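Architecture at a glance
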Amino acid sequence: MKEYHILSLSGGKDSTALAFFMKENMPEIFENTELVFCDTECELPETYDYLNKIEVFLGKKITRIKPEKSFEHLMITYGYLPSPIHRWCTVELKTKPFKQFVHKKFKSCGGVIKLYIGIRYDELRRAEYNKYGDSSIKEVYPFVDNLITHEDVMEILDKFGIGLPDYYKWSKRSGCYFCPYQSKMTWLKLYEHHPYLFFRAKAFEDSRKADNPGIYKKVGWNLDMLLEDMIKPENMKKIKANYEKEEKTKKEKRKNKQALKLINAIGIFD
C-alpha cells in the first residue's frame, strides 16, 4: 500500500527536534516527508520567525495550512470566547483545516497517511488522547519508539544549532497569543513583550463584556480575571508574587527529586 508521510510542526521545541531527529536517523523517510504547520493566523511573531529558521536549517519548505474562516469571523459565528471548557478555536483553526488537507492527500495518493508526532517518551500518556480518530491517518511517535525524553530533545536542538524559539524567553508554551490555557503570568508577559497583541485580545474580551453585561465575570479569556483587571498595578504585583512563590516550590521539588535519585543510585552500588 502506498504511504504518504507528514510531520506535524507546532512551532515548538519537540516537533522541531523530531524533524532534525528524522533527518539524521530516518533519512529516506524524511526525504519523502512533508512538513506541515497549521497556521491559525494568531500565532506569536516568534513562532513565525522560528518556522522560517527551521526551513533554512533543514533546507526544506514547510506547508502552511490556514483555516477557511478567520478567528474574527468565527467569533461572530460562535458568539463567545473559546475556553478550556469550550475549545472551539483548536477545532476550527487547526483540526478541521488539517483533516481537510489530509483527506485531499489521501484521495490523491490512495494509500495511508503516516503522521509523525513529536510526543516524547517521558510524556507517553499524551499519545493516548492525541489521536485523530481517522482511518486514513496512522499516528507515528518516533520519540516514544526511541525512548527520547525532554533532555534528549534539548540535546538535539543544541546539536544542530537551531536552539529554542525566542518566545521561550518569556513563555513556557507555543500557541496562539490569546490561548485560554495560559496562566495569568503569561498574560502579563504578553502585555510586556507584545502589548499590541495583549490589547487585541482585550478588545475581544471588551466586546463580549459589552454584549453580556449580566455575566461580566464569565466572558474573559481567563476564568478568574479579566485582562483589564490583570494589568491593574495591585493585581500585577499579586500575580508576580504568586508566580515567584510557585516557581520556588517547583524548584524545591526538583531538588528533592534529584536528591532522591542520587540516594537510590548510591543504594544500588552499596
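So, a few notes on the structure that sits alongside this text. (Residues numbered from 1 in each chain as written. Predicted model: local features only at pLDDT ≥ 70, side-chain atom pairs only at ≥ 80, totals over all residues. Heavy atoms only, no water.)

Below, the discussion takes up the overall build of the protein chain. A tally of helices and strands in the protein chain yields twelve helices and five strands. For the protein chain, the proportion of its 270 residues judged to be buried stands at 44%. Look at the contacts in the protein chain between residues 6 or more apart in sequence, and 67% of them connect residues 24 or more apart. Accessible surface for the protein chain amounts to roughly 15500 Å². Of this, 53% is attributable to carbon and sulfur atoms. (Helix = DSSP H or I, 4+ residues; strand = E, 2+ residues; numbered from the N terminus. Buried < 20%, exposed > 50% of the residue type's maximum accessible area, 1.4 Å probe, protein only. Contact = heavy atoms within 4.5 Å. Areas by Shrake-Rupley, 256 points an atom, 1.4 Å probe, with all protein chains shown as cover.)

Summary: where empty space remains is shown by rolling a probe the size of a single water molecule over the atoms. Its boundaries defined by the atoms lining it, the second largest pocket holds a volume of some 420 Å³. Lining the second largest pocket are 19 residues, with K172, S183, M185, T186 and Y243 sitting closest to its centre. Tallying contributions element by element places helix α12 (residues 233-269) first for the lining of the second largest pocket, with six residues. Split into classes, the residues belonging to the lining of the second largest pocket amount to six nonpolar, five polar and eight charged. (1 Å grid on protein atoms, 1.4 Å probe; cavity = no way out; pocket = protein on both sides within 12 Å on 5 of 7 lines; lining within 4 Å. Points joined across faces, edges and corners; volume = space filled by probe spheres on them. Nonpolar A, V, L, I, M, F, W, Y, C, P; charged D, E, K, R; others polar.)

Our next topic: the packing of aromatic side chains. Counted according to the given criterion, the structure contains 17 aromatic pairs. For the ring pair F71 and W88, a centre distance of 5.5 Å and an interplane angle of 10° mean the geometry is stacked. One end of the pair, F71, is in helix α4 (residues 71-78); the other, W88, is in helix α5 (residues 88-109), with 17 residues separating them in the sequence. In terms of burial, F71 and W88 fall into one category: buried. Plain terms: the ring middles of W187 and W221 are 6.4 Å apart, the flat faces sit at 35° to each other, and that makes the pair tilted. Separated by 34 residues along the polypeptide, W187 in helix α9 (residues 184-193) and W221 in the loop between α10 (195-211) and α11 (227-230) bring together distant segments of the chain. Here the two residues W187 and W221 agree in accessibility, since each one is buried. What links up through ring pairs into an aromatic cluster is the set F71, Y78, Y80, W88, Y177, F178, W187, Y191, F198, F199, F204 and W221. Here K60 stacks its cationic end above the ring of F30, 5.0 Å away from the centre of that ring. (Phe/Tyr/Trp six-rings, centres within 6.5 Å; stacked < 30°, edge-to-face > 60°. Lys NZ or Arg CZ within 6 Å of the ring centre and 35° of its normal.)

Moving on: the nonpolar core. Among the nonpolar cores identified, the biggest contains 29 residues, and F71, Y177, F178, W187, L190 and W221 are the most heavily contacted of them. Counting residues per element, the ones that place at least two in this core are α4, α5, α9, α10, α11 and α12. Look past the residues within four positions of Y177 in its chain and what remains in contact with it is C42, L44, Q182, W187, L190, L197, R200, A201 and F204. One finds L9, F21, F143 and V153 within the second-largest nonpolar core, a separate group that totals 25 residues. (Core = buried A, V, L, I, M, F, W, Y, C linked by side-chain atoms within 4.5 Å.)

What follows is about a nonpolar patch on the surface. Among the surface-exposed residues, Y121, L124 and L147 lie close enough to one another that they form a single nonpolar patch of about 290 Å² accessible area. With respect to the secondary-structure elements, L147 resides in the loop between α7 (142-145) and α8 (150-159). Of the residues examined, L147 reaches a relative accessible area of 52% and is grouped as exposed. (Patch = residues over 30% accessible without salt bridge, like charges linked within 9 Å, V, L, I, M, F, W, Y side chains within 5 Å. Salt bridge = Lys/Arg side-chain N within 4 Å of Asp/Glu carboxyl O.)

In this section: empty space enclosed by the protein. Enumeration according to the criterion identifies two cavities of 30 Å³ or more in this entry. Roughly 80 Å³ of volume is contained in the largest cavity. As for the largest cavity, its lining consists of L44, W170, S171, R173, S174, G175, C176, Y177, C179, Q182, T186 and L190. Among the residues making up the lining of the largest cavity, the classes are represented as six nonpolar, five polar and one charged.

This paragraph deals with the packing of helix α1 (residues 13-25) against α8. Contact pair α1 / α8: the axes reach a minimum separation of 9 Å and the direction vectors enclose 65°. The pairing of α1 with α8 is recorded here as roughly perpendicular in orientation. The handedness of the crossing between α1 and α8 comes out as left-handed. Residues K13, D14, T16, A17, F20, F21 and E24 of α1 pack against H150, V153, M154, I156, L157 and K159 of α8. Residues that form the contact of α1 with α8 fall into these classes: seven nonpolar, two polar and four charged. (Axes fitted to C-alpha atoms, helices over the stretch in contact; angles between N-to-C directions. Parallel < 35°, antiparallel > 145°, perpendicular 65-115°, else oblique. Left-handed = near helix turned anticlockwise from the far one by under 90°.)

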